[in-house]
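# Notes for the structure review
The lines below spell out each chain.
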Amino acid sequence: MQNDDVLAFLDAHPDFLNQHAPRFGLKSSHDRVVVSFAERQLLEMKDQNRQLEARLVQLVRHGEQNDLILSRCHQLSLALMQADTLEQAADAIVRTFDKQFGLQRVALRLWHDAANPGPFYNARQDIRLLAGNLCAPYCGPYVNDEILSWFPTQPVLQSFATIALRQQGEAFGLLVLGSEDSQRFSQDMQTHYLAQMGELIAVALQRVLASA
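Residues numbered from 1 in each chain as written. Predicted model: local features only at pLDDT ≥ 70, side-chain atom pairs only at ≥ 80, totals over all residues. Heavy atoms only, no water.

## Comments concerning the nonpolar core
Convention followed: For the purposes of this section, nonpolar cores are sets of buried Ala, Val, Leu, Ile, Met, Phe, Trp, Tyr and Cys residues that join through side-chain atoms within 4.5 Å. The buried label applies to any residue whose accessible area, calculated with a 1.4 Å probe on protein chains only, is under 20% of its type's maximum; exposed applies above 50%, and partly exposed to all values in between. Secondary structure elements follow DSSP: runs of H or I of four or more residues count as helices, runs of E of two or more count as strands, with numbering from the N terminus. Residues are treated as being in contact if the distance between any of their heavy atoms lies within 4.5 Å.
Counting 32 residues, the largest nonpolar core has Phe-97, Leu-175, Leu-177 and Leu-205 as the members making the most contacts within it. Contributing elements (two or more residues each) for this core: helix H3 (37–81), helix H4 (86–101), strand S1 (105–110), strand S3 (159–167), strand S4 (170–179) and helix H7 (192–210). Among the elements that take part in this core, H7 stands out by supplying eight residues, more than any other. For Phe-97, the residues in contact, after removing those within four places along its chain, are Gly-102, Leu-103, Val-106, Leu-175, Leu-177, Met-197 and Ile-201.

Here's what the structure looks like:
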């Protein structure tokens, strides 16, 4: 059957497409004609455009969020570079996380010899083992009792980010961020930027500890 035969048949049977609309992926209606193939393709293209626009908006939003995080990480880097002592570095960490990230609960503990004695020194074996086993920052609602004791009892913290601080692959400290928001550090969140901030802090601490 040739194209002309098909067209002639459709001209002779105008209700054919309406009667067999489901077979061709078309929608029939008693009070309107069947949507043409061209119109259907146009509708599909419009739907695809809407999906692409939504995806683009999402990508732009993620890009803006990433830019904001990078800007805050830059401020952390500047604050750490200005620190000459362990106390100044610790103060820069606490201050930056408060001002840039809105986190007021920050705990730093080290078992580096240069930090002993001092308020940041903690050589408990369970803490050292925990840090040594962290391949990536841990985010979630749980920390052990020792870490929990590093924070005030009020307000009650609902989520934590635990970051190992390393020198040549060996953990020498632990940084813990706490939040009253249970979703601030969720178990399914990406930890790429937390890991990078941990590296920045570790390098800065190594510098001031080496000169102590």
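There is more to say, and it comes next.
## As for the packing of aromatic side chains
Geometrically, a pair of aromatic rings is defined through the distance of the ring centres and the angle of the planes. In plain terms, the rule: Here the aromatic set is Phe, Tyr and Trp, taking the six-membered ring for Trp, and pairing holds for ring centres within 6.5 Å; pairs whose planes are under 30 degrees apart are stacked, those over 60 apart are edge-to-face, and all others are tilted. By definition, being over a ring means that NZ of Lys or CZ of Arg is both within 6 Å of the ring centre and within 35 degrees of the ring normal.
Throughout the structure, instances matching the rule amount to two aromatic pairs. Seen in terms of ring centroids, Phe-97 and Phe-101 are 5.4 Å apart; in terms of plane orientation they differ by 35 degrees. Their pairing is tilted. Highlighted residues: Phe-97 and Phe-101, both in helix H4, separated by four residues, approximately one helical turn. Where Phe-151 meets Phe-160, the ring centres are 6.1 Å apart and the plane angle is 55 degrees; that geometry is what we call tilted. Taking the relative accessible area as the measure of exposure, Phe-160 reaches 1% and is therefore buried. Arg-72 extends its terminal NZ or CZ atom over the ring of Phe-101, reaching a point 5.6 Å from the ring centre.

## Regarding the pairing of S4
Under the convention used in this document: When DSSP finds at least two bridges between two strands, those strands are taken to pair.
With nine of its ten residues buried, S4 lies for the most part within the structure. In this sheet, S4 lies alongside S3 in antiparallel orientation, the contact comprising nine bridges. What sits directly across from Gln-167, in S4, is Glu-170. Here S3 folds back onto S4 in antiparallel fashion, the turn holding two residues, of which Gln-168 has a positive phi close to 55 degrees.

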